[in-house]
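An overview of the molecular structure
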Amino acid sequence: MAIESDVLVVGGGLAGLTSALSAAQAGAHVRLVSYKQSSMRQASGLVDLLGYVGDDAVVDPYDAMDRLHDEHPYRLVGTQTVKEGMALFDDVVDGYSGSHTDTNALLPTHGGTVKPTARYPRSAMEGIASDNRDMLLVGFDTLVDFDAPLAAAHLEAAGAPFAADGVQIPFPGDVRPDAKVTHYAKMLDQDSEVAVSGRKTSAREALAERVEPHLEGHERVGFPAILGDDNTTTVRSTLADALGAAVFEVPMGPPSLPGLRLEDRLYTALDEYGASFEMGNPVIDHESGDAIDHVVVEHTGAPVPYSADQFILATGGLVSKGVTSNRAGVREPVFDCHIPHPGDRYDWFEDGVFDDHEFARFGVDVGPDLRPRDSSGEIEFSNLRAAGATLGGYDFAAEKSGSGVSIATGYEAGRLATEEIA
Amino acid sequence: MSERVEDSTVDESFEPTQPNTGESYEPVQVFPDDQTMDLRPGADSCTKCSTCDTNCPVAAVDDEFPGPKFQGPEQWRLKQTDEGEEYTIDDSVMDCSNCMRCDDACPSGVPLSQMHNEARGEYVETEMSKFSRTYWRNRLLANYRTSAKVGTAVPRLANAVLNNSAVQWINETVLGITSEREFPDFATQTFREWWADRGGAAASRENARESRERMGDPADADKQVAYFHGCYSNYNTPEVAKAMVRNFEYFGYEIVVPEQRCSGTPMFANGMLSDARRDAEVNVSSFSDLVDQGYDAICSCTSCSMAIRQEYPELFDIDGLDDVSTHTYEAVEYLRAFEDLEGELADATVEFPDLAYHAPCHGRNQGLERQAVELFRELDGVEVEDVGKSCSGISGTYGWKAEKYETSMKIGEEMFEHMDHAEPETGLTECPTCSMQMEHGSGYEIRHPLEVVEAALIE
């Protein structure tokens, strides 16, 4: 016999998790299988909806969706569905801000640019760029991914409505030059004992003492996003109290603690919904006619069948290997769904790095029901839907729409799949 | 000093976006053929995304430890340079606990654990004095089965002696085995003694047939498994092995218990690859005939199943290994996949203390971290609370070493805290050494999921 469920979600990123949450909320018995940890840990933890249409920065993402082309995932599912998906996200994820308004917030990045985004971790809230309080950015000598003076100068040059200064300090306790972000977070989480000038003190206290001389009247202080993992709220408030200033995290590049924390929150929510999930084993095969009967999951070398009534494909795009390519063409590796792409691979890209590349929009072809279609436009499998970056027709990097599309299409795929079994 | 490239040497016709292979391209043999495994494809797949580093429990607490990305692909690359001959494996490889979290975490398929095992083996082979205390201490710990055999011959005496404070003092000062920990008790009757007394395979066939009759399966159903009990459930916790036997017989499986040695897990972790190979050869030869006849191999320890499924094929080339490896399962996983274990448990009620569950890293690496929690969710009479995703910190022999004890306890701190906050006051895990650490940090009694299944379905 096989391992059974109503809805089987393949893929454990934002789209897979939202699909699973949506189906579980609608009453289905859901199982999620994920081969690897999601690319959320490479992402900033900001939840973008729509930041740019063409070269224009977007103020209200929902208004701007009308200006997208007809086959864009947002247009396929409709603005109302996007709103419902975001409501699900707001409902299950604690510790995020931004739901009070439809318009985009502007958040500083670790490069000192300003990014339009729809939801942001509460840890980043005090750093919002539309606020006019002066800002001190603090970098650590041993954490080379964040150059605080450079980021501050960049923010000022970008016309931020506040004065920004940056300072590099050694992290207390003389950490090794390539210490992992988890090591900083653990020291602050556990408020570990550190030695500073021959004196034993606690990590949080020592950090505040090092920052204090540079404070010089700045009302808010930004640190790279390493302020704890489990106890991040306490770490932040301890620092804020000691400094007498607001404290925030600047979202970082990979590996990213805010991304990890978001992943944790979503899996916790999925557990609370009573859904099943497992990580570490790939789907290597499937048994299908017009519909998929079961997939085969490889348990450390041994094949195990998993059957379900409905399936959702949410394996991600080119980054997460949900879409793969070689010299011969572009494929979706789990169900071999059709991916439209030019036959000549020299037509997949343009010459400039930031040009409008064809490959950025590679993904499975779906209609409003989110069912993948073959090259002649026929439904591939009657019980398969796709969500998130596996979908084609949009360029998340240019549009700043990655999280929003994953949430909206994940929500809709989960809802539609559950409707079929009801 | 590096040479400057003169402008005249730049090929003006080079066009990076046009095809440029096929014309003057000649493959070059970069590395000479030799007997070591070619790990280059693995090293080349590393994109330096650092996912492995953020999954490393040692790097999170030990500032001296450079992390898995260095231990694996970076160190391997260093060894391939012209100066590679002079480059010796960094001694930090011995600070890796072999939890293998990095290996499972890598999104690009870099065989980190294989790289670490190779590097550790080379370090022990070429850098570690065979006369050093550490070498002999590590060999003693890695060959636990040898000591356990002696211990179970005189279990009561061994239990009394090993935890005698004078003996612990000698262990710490002479051998470097921490005196902070209590040695686990040896059973007065080993599992194999129990199994033989009970009538061995013939008795199991009898029991399986009775169950098949109850279930409506044909009497000659093709349900046969070979049990790899490992050392710990044989010498220390035979109740786990007995639960495995009773559970499988309940579902109509005939069990055999073939000759076996240590799975090799503690030997890999200590870089004792020839010791591991010696035992792996016995295990594979003993199980491959059975697999040929249609048996599946079942483990109750997640590190044993990890070794046979992943480490053997990564490190050894033994006749019949691939078949044994792809037919090996963890016990509960097998019943969940091929029997309606979930359904049977959902209909059952059990009298069992509530449980604080810790998923062992090696179980996690096989995709089993949620199995116990989800399986017992529908079972009436017991509550199972997950105590989080952190590593327990003991990693087999690692936490027994005097110089690693502190790191081991720092890693375990998160789990201890969660155990302390959780309601249940009994622990649950699949891994023998995680159970030692859980007991050490909490004082709780620690049980195995097979015992819960047994209590629900049989007792």
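Every chain is numbered on its own, with residues counted from 1 as its sequence reads. Here the convention is simple: chains get letters from A, ligands get numbers from 1, in the order in which they are written. Two thresholds apply to this predicted model, a pLDDT of at least 70 for residue-level local features and 80 or more for giving and counting side-chain atom pairs, whereas whole-chain, interface and lining totals are computed over all residues. To obtain the side-chain values, all non-hydrogen atoms of the structure were used and water was disregarded.

1. Quick notes on the overall build of chain A
Put simply, the rule is: Secondary structure elements are defined from DSSP: runs of H or I of at least 4 residues count as helices, runs of E of at least 2 residues count as strands, and each element is numbered from the N terminus. It is over C-alpha atoms that the radius of gyration is taken, and the globule rule equals 2.2 Å times the number of residues to the power 0.38. Accessible area is worked out with a 1.4 Å probe on protein chains only. A residue is then buried under 20% of its type maximum, exposed over 50%, and partly exposed in between. Residue contacts are counted whenever heavy atoms from the two residues lie within 4.5 Å of one another. In short, Shrake-Rupley with a 1.4 Å probe defines the accessible areas, and a residue's cover is counted only from the protein chains shown. When charges are counted, Lys and Arg are positive and Asp and Glu negative, with His and the chain ends excluded. The atom standing in for a charge is NZ when the residue is Lys, CZ when it is Arg, CG when it is Asp and CD when it is Glu.
When you go through chain A residue by residue, the secondary structure sums to 11 helices and 21 strands. In terms of overall size, chain A behaves like a compact globule, its C-alpha atoms giving a radius of gyration of 23 Å where 422 residues would be expected to give roughly 22 Å. Viewed in the frame of its principal axes, chain A has a C-alpha envelope of about 70 × 45 × 40 Å. Going through the 422 residues of chain A one by one, you find that 58% of them count as buried. Expressed as a percentage of contacts within chain A between residues at least 6 apart in sequence, the contacts between residues at least 24 apart total 64%. Carbon and sulfur atoms make up 47% of the accessible area of chain A, which amounts to about 16300 Å² in all. Side chains of chain A carry 31 positive and 67 negative charges; the gap between the two charge centres is 4 Å.

2. Brief notes about the interface of chain B and chain A
Inclusion rule: By salt bridge we mean one thing: a side-chain nitrogen of Lys or Arg within 4 Å of a carboxyl oxygen of Asp or Glu. Here a polar contact is recorded for every N or O atom pair within 3.5 Å, except that within protein the pair must consist of a potential hydrogen donor and a potential acceptor, and residues adjacent in sequence are included only if both atoms are side-chain atoms. Lys, Arg, Asp and Glu make up the charged group, whereas Ala, Val, Leu, Ile, Met, Phe, Trp, Tyr, Cys and Pro make up the nonpolar group; the residues left over, Gly among them, are polar.
With 47 residues of chain B at the contact, the number on the chain A side is 45 residues. At the boundary of chain B and chain A, one finds 6 salt bridges. At the boundary of chain B and chain A, one finds 23 residue pairs in polar contact (both at pLDDT 80 or more). Every element with two or more residues in the side of chain B that touches chain A is listed here: helix H2 (51–54), helix H3 (57–61), helix H5 (101–105), strand E4 (328–330), helix H19 (331–338) and helix H23 (405–421) of chain B. Per-element accounting of the side of chain B that touches chain A gives the leading share, 4 residues, to H19 of chain B. Taken together, the residues of the side of chain B that touches chain A sort by class into 13 nonpolar, 14 polar and 20 charged.

3. Considering the packing of aromatic side chains
Basically, it comes down to this: Here a Phe, Tyr or Trp ring, Trp counted by its six-membered ring, pairs with any other such ring whose centre lies within 6.5 Å, and the pair is stacked when the planes are under 30 degrees apart, edge-to-face when over 60, and tilted otherwise. Both a distance and an angle decide whether a charge sits over a ring: NZ of Lys or CZ of Arg must be within 6 Å of the ring centre and within 35 degrees of the ring normal.
The full count for this structure, using the stated rule, is 24 aromatic pairs over all chains. On the basis of an interplanar angle of 25° and a centroid distance of 4.9 Å, the ring pair of Phe183 of chain B and Trp400 of chain B is categorised as stacked. Residue Phe183 of chain B is found in the loop between helix H10 (165–175) and helix H11 (191–198), and its partner Trp400 of chain B is found in the loop between strand E6 (384–386) and H23; the two are separated by 217 residues along the sequence. Taking relative accessible area as the criterion, Phe183 of chain B reaches 18% and is therefore assigned buried. A centroid spacing of 5.6 Å and a plane angle of 85° characterise the contact between Tyr329 of chain B and Phe338 of chain B, whose relative ring orientation is edge-to-face. Relative accessible area serves as the criterion here: at 23%, Phe338 of chain B is assigned to the partly exposed category. One aromatic cluster in this structure is built from Phe248, Tyr253, Tyr329, Tyr334 and Phe338 of chain B. A cation over a ring is seen here: Lys36 of chain A above Tyr35 of chain A, with NZ or CZ 4.9 Å from the ring centre. Sitting over the face of the ring of Phe277 of chain A, Arg370 of chain B holds its NZ or CZ atom 3.8 Å from the ring centroid.

4. Looking at the domain arrangement of chain A
Frequently, the measure chosen for interface size is the accessible area removed from exposure when the parts meet. All names here are of chain A. For the record, the criterion: What counts as a domain boundary in this text is fixed by an automatic or database domain assignment. When two parts are brought into contact, each loses some accessible area as probed by a 1.4 Å sphere; the total of that loss over both is the buried area.
By the assigned domains, chain A splits into domain 1 (3–98 + 259–421) and domain 2 (110–250). Here the C-alpha centroids of domain 1 and domain 2 sit 34 Å apart. In total, domain 1 and domain 2 occlude about 1600 Å² of area from one another, counting both sides; carbon and sulfur atoms represent 49% of this. Of all residues in domain 1, Leu46, Ser97 and Arg261 give up the largest surface area on contact with domain 2, accounting jointly for 40% of the area buried on that side. Between the two partners, domain 1 and domain 2, sit 3 salt bridges. Taken together, the connections running from domain 1 to domain 2 amount to 13 residue pairs in polar contact (both at pLDDT 80 or more).

5. Focus on the confidence of the model for chain B
Residues and elements named next belong to chain B. Which entries qualify depends on this criterion: A score between 0 and 100, pLDDT records how confident the predictor is in each residue.
Scored by pLDDT, chain B has a mean of 90; 92% of the residues are at 70 or more. Contacts from residues 1–8, a stretch scored under 50 in pLDDT, to residues over four places away or in other chains number 1 contact. The low-confidence segment residues 18–23, where pLDDT is below 50, has 4 contacts with residues more than four positions distant or belonging to other chains.

6. What to know about unusual backbone geometry
Residue and element names in this part refer to chain A. Cis peptide bonds are those with omega within 30 degrees of zero, and the linkage from Pro254 to Pro255 qualifies with -10°. You can see Pro255 is positioned in the loop between strand E14 (246–250) and helix H9 (257–272). Phi angles above zero are rare outside glycine, and Asp336 is one such case at about 55°. Following the sequence through the fold, Asp336 ends up in the loop between strand E20 (329–331) and strand E21 (384–386). What makes Asp336 partly exposed here is its relative accessible area of 47%. Although it is not a glycine, Leu370 adopts a positive phi angle of roughly 65°. Note that Leu370 resides in the loop between E20 and E21. The exposure class of Leu370 is buried, given its relative accessible area of 1%.

7. Points about the nonpolar core
Stated precisely, the cut-off is as follows: We call a set of buried Ala, Val, Leu, Ile, Met, Phe, Trp, Tyr and Cys residues a nonpolar core when their side-chain atoms join them within 4.5 Å.
Membership of the largest hydrophobic core comes to 125 residues, with the highest contact counts inside it found for Phe248 and Phe376 of chain B. Ignoring any residue separated from it by four or fewer positions in sequence, one finds Phe376 of chain B in contact with Leu345, Val382, Val384, Leu428, Pro449, Val452 and Val453 of chain B. Core analysis: the second largest hydrophobic core is formed by 49 residues, Leu137, Ala151, Val221 and Ala225 of chain A among them.

8. Remarks on a nonpolar patch on the surface
The criterion, for reference: Like charges within 9 Å and nonpolar side chains (Val, Leu, Ile, Met, Phe, Trp, Tyr) within 5 Å are joined into patches, using only residues over 30% in relative accessible area that form no salt bridge.
Among the surface-exposed residues, Val154, Leu157 and Val161 of chain B lie close enough to one another that they form a single nonpolar patch of about 250 Å² accessible area. Considering the arrangement of structural elements, one finds Val161 of chain B in helix H9 (residues 155–162).

9. Some thoughts on the sheet that holds strand E9 (residues 135–140) of chain A
Residue and element names in this part refer to chain A. Our working rule: At least two DSSP bridges between two strands are needed for those strands to be called paired. Under this scheme, a helix contributes an axis fitted over its contacting stretch, all axes are lines through C-alpha atoms, and angles between N-to-C directions fall in the 0 to 180 degree range.
Spatial ordering of the open sheet is given by E10-E9-E13-E14, a layout of 4 strands whose pairing is parallel. The open sheet has two edge strands, strand E10 (164–169) and E14, and neither has a second partner. Across this sheet, the average inter-strand angle for adjacent strands is 25°, counted without regard to direction. Of the strands in this sheet, strand E13 (220–224) and E14 touch helix H8 (residues 232–243), which is tilted by about 135° from E14.

10. Details of the domain arrangement of chain B
Residue and element names in this part refer to chain B. For chain B, the assigned domains read domain 1 (40–126), domain 2 (133–175), domain 3 (191–338) and domain 4 (341–457). Look at where the C-alpha atoms of domain 2 and domain 3 centre, and you get two points 27 Å apart. At the interface, 11 residues of domain 2 touch 13 residues of domain 3. Buried surface at the junction of domain 2 and domain 3, both sides included, amounts to about 1000 Å², of which 56% is carbon and sulfur.

11. Points about the sheet that holds strand E3 (residues 296–299) of chain B
Residue and element names in this part refer to chain B. Spatially, 4 strands are ordered E2-E1-E3-E4 in an open sheet, and the strand pairing comes out parallel. Edge positions in the sheet fall to strand E2 (254–256) and E4, since each has one partner strand and no second. Adjacent strand axes in the sheet meet at a mean angle of 35°, parallel and antiparallel pairs treated alike. Looking at chain direction, strand E1 (residues 224–228) and E3 are connected through 4 bridges and run parallel. Within E3, the position partnered with Ala226 by the bridge is Ala297. Against the sheet, helix H17 (residues 302–315) makes contact with E1, E3 and E4, and its axis sits at roughly 155° relative to E4, the strand it touches most.

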